[in-house]
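So you can see what is in the structure, the chains are spelled out below.
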Amino acid sequence: MLEGAEVRLAVDIGGTFTDIVLDVGQDRKTRKLLTTPQRPEQAVLDGMRLILADARAHISDIDVFIHGTTLATNAIIERRGAKTALIATDGFRDVLDIGTESRYDQYDLSIDKPKPLAPRSLRFTVPERIDAHGAVRLPLDEAAVRALAPRLRALKVESVAIALLHSYANPEHERRTAAIISEEMPGISVTVSSAVCPEIREYERTSTAVANAYVQPLIDGYLARMSDALQVEQYRGAIYLVTSGGGVTSIETARRFPVRLVESGPAGGAIFAAQIAARLGESKVLSFDMGGTTAKICLIEKYQPETSRVFEVDRAARFLKGSGLPVRIPVIEMVEIGAGGGSIAHVDAMKRVTVGPESASSEPGPACYGRGGLRPAVTDADVALGMIDPDDFAGGTIKLDPELSKQALLRAVGEPLGLSAETAAYAVHEVVCENMASAARVHAVERGEIIGQHTLIAFGGAAPLHAARVAEKIGVSRVIVPSNAGVGSAVGFLAAPIAYELVRSRHVRLDDFDTDGVSDLLQEMVTEARALVETGAAGAPVRERRAAFMRYVGQGHEISIELPNRRLATTDLAGLRQKFEADYAAMFERPIPGAAIEVLSWSVLATTEARNPPRVADVARMPAGKASGMRKFFDGRAGELIEIPLYRREDMAPGATIAGPAVIAEDETSTFVSTSFDAHIDGAGSIVMERKAA
């Protein structure tokens, strides 16, 4: 037993690696294992046993288990979810195909749209009608609902989504439909849109309900197996799941609303970057999270990641909004591309080197893993360039074969283009860095930000190898690689607050404002949100944040305006208008004088306080001393092999300074310091790369 110290375990299941972080008081241990895609809990349990052995602890010593995963996202992208049916109002069978009637590329006559998760053959309708004010215009035909059960059974449907017209205003018909289906088909998964997304906008609400139904059997089964396995191992502590919005929630809530887990892994990374930014006083940050399967980029202003209420899954076009399946949930705003260490490189029909989005994942993995993979991945390029020590990858737990990397690169890239293996590796490295630089530029421009004014915080197993080159391409002069960067998302989980956000639609104009009705709605939401948070808060204070989503009458989208944490009064209306017009002017240069304003939806966030680290003091810089060794590195610009110094991160004291090019190696990852940068270790143990003076 570990007396006195709180023991917290975080697990992040990615497409390629499963990361484990164990905090025992102030002591931290980490592990990185290949993900076991057929039974993801196997890698979790194996990793737990290894890391507990490192700490000489038992699973019963763990107080808190925090878990994030990309399983829900991957199930949607790879179409591995349940066979899902949709029950809609008569006349609305095709809402998933019609969408918003917009085209993400209006000039492309043959655009590809992602296929709906519920095909048309599995969409059914029932007679009923509720209007936008919640009044019943046509009673629900319960006989028609019961008549659907035999058809659903015959089609072997595993999960049902129910999305009826205007159910956000009155959920009565949806709840009754769910009760009948559950009665007729015991054990089937049922999702009602009024529970998972009680908001206006029919297409997004239906899409979110279907996505929740699609992943629910998979995630529910996985979480049930995980919970049972932990009980067998004698785990007695609390289990939390990280949500897409950056908070953690109970396992029971996650099993009901698994769609909230769609971006849980990347959300942990954004929390990690925000914590590092606060610790180092970096108010404008671009977080760069590159793992084995994807790369994620997020803007962080004043130590807070940008958030959104809509996320698109499975985009048909990498950077084009509207080309994916909309999921309307609270989410940390980021751009995600198929550019990870396992992303596969090839030459396309136009003789261009292309990387991703297909990934080698953990099975079979990049060619250098020696597990049967024959196609080169980004990791193969990094190994062939000499950036990765093949004998010390993942702390020496995975031995890499550079010859397999070179052979794969020659077959897929070198021979078709007449290049050597090393030059092919350089081409792959350049292309993947340009992909990420392009994503960062687009993400910044969409938000009116100047990308070069930000500090780049790089983490994930692959990001530190590519961060310097990405920074060169986008004009960033300062790059930070924090301690434990290779398992950054899992570290971020440990800092996440217990939180849950509710959003509900109720249309109100400021010039005809029902203060009592709105106050009653907000209080009802506060009670529900607090109930979901306080059970896991273990007595910790829970605060709330209320907001209204406001717009000028007739506009298509809203902006969020914070509300006071009390009942509203008519005297608050002038202040609401002032806040809205100030925020509107900040975004669009000027308000519209005298224009009518309306509120479409209301939000309540209940949350505990995040764990904020103390600021780090500056340290005096000094030469790092002798390198641990030398590595042969292929300099693609010069077209030749050169020798560069190799340093071990744990041997570098705070203040230690080196000049690039060099490699700083550690168990979880390696950092490449390019010729353009100097690097030093700061007071927090972070590697700080600063561009050399011209």
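Relevant structure appears above.
Draft legend 1. Geometry of the overall build of the protein. Assigned secondary structure in the protein consists of 16 helices and 36 strands. A globule of 694 residues ought to have a C-alpha radius of gyration of about 26 Å, and the protein, at 26 Å, matches this closely. Seen along its three principal axes, the alpha-carbon backbone of the protein occupies a region of about 80 × 65 × 60 Å. When each of the 694 residues of the protein is scored for burial, the buried share is 58%.

Draft legend 2. Representation of helix H9 (residues 264-280) within the structure. With 17 residues, H9 should cover 24 Å at 1.5 Å per step; its first-to-last C-alpha distance of 25 Å lies within 8% of that length. Of all 17 residues that make up H9, 15 are buried, and the element is covered over most of its length. At the C-terminal side of H9, Gly281 shows a positive phi close to 70°.

Draft legend 3. Up close: the side chain of Ser405. Take Ser405: it is sitting in helix H11 (residues 402-417). Setting aside its immediate chain neighbours within four residues, Ser405 contacts Cys368, Asp380 and Val383.

Draft legend 4. Here's a closer look at helix H4 (residues 142-154). Those residues of H4 lying buried are Val145, Leu148, Ala149 and Leu152. Buried residues in H4, looked at end-on, bunch into an arc of 120°, giving them a common side. Residues of H4 that are exposed and angled more than 90 degrees away from the buried face: Ala143 and Ala154. Residues of H4 that are buried in the fold lie against strand S5 (84-89), strand S6 (123-126), strand S9 (159-163) and helix H5 (172-184). The N-terminus of H4 is capped by Asp141, whose side-chain oxygen sits 3.2 Å from the backbone nitrogen of Ala143. Residue Lys156 follows H4 closely and has a positive phi angle near 55°.

Draft legend 5. Up close: unusual backbone geometry. Here the amide bond leading from Gly660 into Pro661 is cis, since omega sits at 5°, within 30 degrees of zero. Its identity as a non-glycine residue notwithstanding, Arg56 has a phi of 55°, on the positive side. Residue position: Arg56 is located in the loop between helix H1 (40-54) and strand S4 (64-69). Classification of Arg56 as exposed rests on a relative accessible area of 79%.

Draft legend 6. Here's a closer look at empty space enclosed by the protein. Counted under the stated rule, the structure contains two cavities of 30 Å³ or more. The volume enclosed by the largest cavity comes to roughly 40 Å³. Looking at the largest cavity, the residues that line it are Tyr240, Val248, Thr249, Ser250, Ile498, Ala499, Tyr500, Leu532, Val533, Thr535 and Gly536. Looking at the lining of the largest cavity, the elements with two or more residues in it are strand S12 (248-250), strand S25 (499-509) and helix H15 (515-537). The dominant element in the lining of the largest cavity, judged by the number of residues it contributes, is H15, at four residues. Partitioned by chemical class, the residues of the lining of the largest cavity number seven nonpolar, four polar and no charged. Quantified by volume, the second largest cavity comes out at close to 30 Å³. Counting only elements with at least two residues in the lining of the second largest cavity, the list comes to H9, strand S13 (284-290) and strand S14 (295-301).

Draft legend 7. Quick peek at the environment of Lys156. Among the secondary structure elements, Lys156 is positioned in the loop between H4 and S9. On the basis of relative accessible area, Lys156 is assigned to the exposed category, the value being 67%.

Draft legend 8. View of the pattern of salt bridges. In the structure shown here, the tally under the stated rule is 54 salt bridges. Across the pair Glu609 and Arg543 runs a salt bridge whose closest N-O atoms are separated by 2.9 Å. A residue pair is termed long-range when its members are at least 10 positions apart, and Glu609 in the loop between strand S28 (597-607) and strand S29 (622-623) and Arg543 in strand S26 (residues 543-552) qualify at 66 residues. The shortest N-O distance in the salt bridge between Glu558 and Arg551 comes to 3.5 Å.

Draft legend 9. The arrangement of the packing of aromatic side chains in detail. Taken as a whole and judged by the stated rule, the model has eight aromatic pairs. Measuring from ring centre to ring centre gives 4.8 Å for Tyr552 and Tyr584, while their planes differ by 80°; the resulting arrangement is edge-to-face. Within this pair, whereas Tyr552 is found in strand S26, its partner Tyr584 is found in helix H16 (residues 573-588), the two being separated by 32 residues in sequence. By the burial criterion, Tyr552 is buried, and Tyr584 matches it. What makes Tyr584 buried here is its relative accessible area of 10%. Members of the aromatic cluster, joined through ring pairs, are Tyr552, Phe580, Tyr584 and Phe588. The ring of Phe17 is capped by Lys32, whose NZ or CZ atom sits 5.3 Å from the centre of that ring.

Draft legend 10. A look at the pairing of strand S23 (residues 455-459). Across the five residues that make up S23, a large majority, five, are buried. Burial along S23 is two-sided: Thr455, Ile457 and Phe459 and Leu456 and Ala458, pointing in opposite directions, are all buried. Relative to S23, S13 is paired through five bridges, and the arrangement is parallel. Bridged to Ser287 within S23 is Ile457. With two bridges joining them, S23 and strand S24 (residues 478-481) adopt parallel strand pairing. Looking at the pairing, Leu456 lines up with Val479 of S24. For the crossover from S23 across helix H13 (residues 463-474) to S24, the handedness is right-handed.

Procedures and definitions
Positions within a chain are numbered from 1, following the residues in the order the chain's sequence is written. A pLDDT threshold of at least 70 governs which residues receive local features in this predicted model, and a stricter bar of 80 or more applies before side-chain atom pairs are shown or counted, although totals over entire chains, interfaces and linings include all residues. Just so you know, side-chain values use all the structure's heavy atoms and leave hydrogens and water out. Strands are runs of DSSP state E lasting at least 2 residues, helices are runs of H or I lasting at least 4, and numbering of each runs from the N terminus. Only C-alpha atoms enter the radius of gyration, while the globule expectation follows 2.2 Å times N to the 0.38, with N the number of residues. Partly exposed describes any residue whose relative accessible area lies between the buried limit of under 20% and the exposed limit of over 50%, with all areas from a 1.4 Å probe on protein chains only and scaled to the type maximum. By this rule the span expected of a helix is its residue count minus one, scaled by 1.5 Å. Any pair of residues with heavy atoms lying within 4.5 Å of one another is described as a contacting pair. The arc refers to the directions leading from the helix axis to the C-beta atoms. Nitrogen and oxygen atoms within 3.5 Å of one another constitute a polar contact, given that in protein one can donate a hydrogen and the other can accept it, and given that sequence-neighbouring residues count only through two side-chain atoms. Each cavity reported here is a set of points on a 1 Å grid over the protein atoms alone in which a 1.4 Å probe fits but cannot get out, each pocket an open set with protein on both sides within 12 Å along at least five of seven lines, and each lining residue one with an atom within 4 Å of a point. Grid points are joined across faces, edges and corners, and a volume is the space filled by probe spheres set on the points. Think of it as three bins: nonpolar holds Ala, Val, Leu, Ile, Met, Phe, Trp, Tyr, Cys and Pro, charged holds Asp, Glu, Lys and Arg, and polar takes everything else, Gly as well. Salt bridges are counted wherever a side-chain nitrogen of Lys or Arg sits within 4 Å of a carboxyl oxygen of Asp or Glu. A pair of aromatic rings is counted whenever rings of Phe, Tyr or Trp (Trp by its six-membered ring) have centres within 6.5 Å, and the orientation is called stacked for planes under 30 degrees apart, edge-to-face for over 60 and tilted otherwise. The criterion for a charge sitting over a ring is simple: Lys NZ or Arg CZ within 6 Å of the ring centre, and within 35 degrees of the ring normal. Note on pairing: DSSP must find at least two bridges between two strands before they are called paired. A clockwise course of the path from the first strand over the helix to the second, judged with the strands pointing away from the viewer, identifies a crossover as right-handed.

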